[in-house]
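Fold and contact review
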Amino acid sequence: MTTNTASIQSQASASERVKAAAAALALGAVLIFTVGFAHSTSVHNAAHDTRHTLAFPCH
C-alpha cells in the first residue's frame, strides 16, 4: 500500500497581511463604537467592561 500526501504551503505577502490587519482593526473599531452608542440596555451591558477597559466613555 502506497500513501501519497500533498503538502500545500501558502504564505501571504506583507501587503496582504497589512490589509488583513487593517480590516480586522477597522471591523473591531466599528463594533466597539456601534455598541458604545447603542441605546439598547442589553447591548450596552454586554460590552460595558470592555469599553471601560479601552477607556471608552459610555456614561
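Below, the discussion takes up the overall build of the protein chain. From N to C terminus, the protein chain includes three helices and zero strands. Across the 59 residues of the protein chain, 12% fall into the buried class. As presented, the protein chain carries roughly 5,200 Å² of accessible surface, and 62% of it is formed by carbon and sulfur atoms.

Along the chain, Ser 15 turns up in helix H1 (residues 14-36). Residue classification places Ser 15 among the partly exposed residues on the basis of a relative accessible area of 42%. Within polar-contact distance, the side chain of Ser 15 engages the side chain of Ser 13 at 3.2 Å.

This part covers the confidence of the model for the protein chain. Across the protein chain, pLDDT averages 77, with 80% of residues at or above 70. By mean pLDDT, the top-scoring element of the protein chain is H1 (88), and the lowest-scoring one is helix H2 (residues 41-46) (71).

The rules behind these values
Residues numbered from 1 in each chain as written. Predicted model: local features only at pLDDT ≥ 70, side-chain atom pairs only at ≥ 80, totals over all residues. Heavy atoms only, no water. Helix = DSSP H or I, 4+ residues; strand = E, 2+ residues; numbered from the N terminus. Buried < 20%, exposed > 50% of the residue type's maximum accessible area, 1.4 Å probe, protein only. Areas by Shrake-Rupley, 256 points an atom, 1.4 Å probe, with all protein chains shown as cover. Polar contact = N/O pair within 3.5 Å; in protein donor to acceptor, adjacent residues only side chain to side chain. pLDDT = per-residue confidence, 0-100.

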